[in-house]
Amino acid sequence: MASTAPSHARALTKDTELCVSLAAIPSNTGTRFHNYLYAALGLDFVYKAFAITDLPGAVTGIRALGIRGAGFSMPFKQEVLPLLDSLDDSAAAIGAVNTVVNTRGHLRGYNTDYIAVAHLLARHRIPTHATVAVRGSGGMASAVVAALRDGGFTRVTVVARNPETGPALAERFGARWVADLADDHPEVLINATPIGMSGTDQREDLPFDDSTVLAADVVFDVVALPAETPFIQRARDLDLEVVTGADVVALQATEQFTLYTGVHPSAELVQRATDYSRA
């Protein structure tokens, strides 16, 4: 049964801390998740998602308005790097940021996507000897490939048509790069691109061709809007093991929440917030 929102209400004041998420195509998932936890824990915070086109202007606003924290989604995870004051090791090693914490005007970038992906690979007991293909070469792909390398996966292929970012990502983490899989059929397929995302012209597309999906054992999609992307739906039709973007969002959002508030919610409370965010 889906969780309902906490019944007690509170008024916003001049002291209420604001956290935001910035995306090309925002969803309500993170907003519902964070605000559920704020209410349940009695924290004087509020969370709001924004669609932005002016990234430098948005970052200036975060600093000028004293916004406590900001989550960044595709396609801003790498573009935001030069606009920040410092990077946590999690972001510096990957070269991408999905979380920014503002401490008295100092903006520090983190990457909680990496933590979420690493956790999900372990939770699903995906064997490290499996052949893995990661579609994409942007910020999210960097987090995925880094988590695979650090998790002991050695047979990883970056599939990216960009002749600069694709080889660079593969070389950085000791993976192989190809522009197209051709006749290869990896056991694990991971989509780290916006393919299949609602509101895009690729919302009905698959990141891998159907013959490749047919030969796979595990399908992992980082796209969270919708949680049941065409890629995930096709995998379910074939009775494959799936990991969804909604799973990634719940885990990375928990890490964000802790960075913003200094409070680590219990696993039970996180699950209730997750259920509520997906209702």
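Shown above is the structure to which this text applies.
Quick look at the structure, then. What you are looking at is a predicted structure, and each value in this text was computed from that prediction instead of being measured.

This brings us to empty space enclosed by the protein. Overall, the coordinates contain one cavity of 30 Å³ or more when judged by the stated rule. Here the largest cavity defines a volume of roughly 520 Å³. Along the wall of the largest cavity there are 29 residues; nearest its centre are Ser27, Ser73, Ala224, Val249 and Gln252. Put simply, the parts of the chain that give the lining of the largest cavity at least two residues each are strand 1 (17-23), helix 1 (29-41), strand 2 (45-51), strand 3 (69-72) and helix 9 (245-261). The biggest single contributor to the lining of the largest cavity is helix 9, with five residues. Looking at the lining of the largest cavity residue by residue, the classes come out as 16 nonpolar, eleven polar and two charged.

Turning next to the nonpolar core. With 37 residues, the main nonpolar core has Val134, Val144, Leu148 and Phe220 as its most contacted residues. With residues near it in sequence (within four places) discarded, Leu148 still touches Leu121, Val132, Val134, Phe153, Val156 and Ile190.

To continue, consider the packing of helix 9 against helix 10 (residues 267-278). It is the contact of helix 9 with helix 10, at a shortest axis distance of 11 Å, that shows an interaxial angle of 130 degrees. In terms of axis orientation, helix 9 runs oblique to helix 10. Helix-helix and strand crossings are classified by hand; for helix 9 and helix 10 the assignment is right-handed. Two secondary-structure elements touch here, helix 9 through Ala246, Asp247, Ala250 and Thr254 and helix 10 through Val270, Thr274 and Arg278.

Cis rather than trans, the peptide bond between Leu225 and Pro226 has omega equal to 0 degrees. For Pro226, the position within the fold is in the loop between strand 11 (218-221) and helix 8 (230-237). The backbone of Arg125 sits at a positive phi, close to 50 degrees, despite the residue not being glycine. Summarising the element assignment, Arg125 is placed in the loop between helix 4 (112-123) and strand 7 (132-135).

Each aromatic ring pair is characterised by the separation of its centres together with the angle its planes make. Within the structure shown, the criterion is met by four aromatic pairs. Seen in terms of ring centroids, Phe208 and Phe231 are 5.8 Å apart; in terms of plane orientation they differ by 35 degrees. Their pairing is tilted. Of this pair, Phe208 sits in the loop between strand 10 (188-191) and helix 7 (210-214) while Phe231 is found in helix 8, placing the two residues 23 residues apart along the sequence. The buried category is assigned to Phe208, whose relative accessible area is 5%. On the accessibility criterion, Phe231 (1% relative accessible area) is buried. Members of the aromatic cluster, each reached through a chain of ring pairs, are Tyr38, Phe45 and Phe257. Across the ring face of Phe50, the terminal group of Lys48 is positioned such that the distance to the ring centre comes to 4.5 Å. Over the ring of Tyr110 we find Arg108, and its NZ or CZ is 5.9 Å from the ring centre.

End to end, helix 4 covers 16 Å across twelve residues, agreeing with the expected 16 Å (1.5 Å per residue, within 8%). All of the buried residues along helix 4 are Thr112, Asp113, Ala116, Val117, Leu120 and Leu121. Tucked inside the fold, the buried residues of helix 4 contact strand 5 (99-103), strand 6 (106-110), helix 5 (139-150), strand 11, strand 12 (241-243) and helix 9. Between the side-chain oxygen of the N-cap and the backbone nitrogen of Asp113 there are 3.1 Å, and the N-cap of helix 4 in question is Asn111. Backbone geometry just after helix 4 places Arg125 at a positive phi near 50 degrees.

The rules we used
Residues numbered from 1 in each chain as written. Predicted model: local features only at pLDDT ≥ 70, side-chain atom pairs only at ≥ 80, totals over all residues. Heavy atoms only, no water. 1 Å grid on protein atoms, 1.4 Å probe; cavity = no way out; pocket = protein on both sides within 12 Å on 5 of 7 lines; lining within 4 Å. Points joined across faces, edges and corners; volume = space filled by probe spheres on them. Helix = DSSP H or I, 4+ residues; strand = E, 2+ residues; numbered from the N terminus. Nonpolar A, V, L, I, M, F, W, Y, C, P; charged D, E, K, R; others polar. Core = buried A, V, L, I, M, F, W, Y, C linked by side-chain atoms within 4.5 Å. Buried < 20%, exposed > 50% of the residue type's maximum accessible area, 1.4 Å probe, protein only. Contact = heavy atoms within 4.5 Å. Axes fitted to C-alpha atoms, helices over the stretch in contact; angles between N-to-C directions. Parallel < 35°, antiparallel > 145°, perpendicular 65-115°, else oblique. Left-handed = near helix turned anticlockwise from the far one by under 90°. Phe/Tyr/Trp six-rings, centres within 6.5 Å; stacked < 30°, edge-to-face > 60°. Lys NZ or Arg CZ within 6 Å of the ring centre and 35° of its normal. Expected span 1.5 Å × (residues − 1). Polar contact = N/O pair within 3.5 Å; in protein donor to acceptor, adjacent residues only side chain to side chain.

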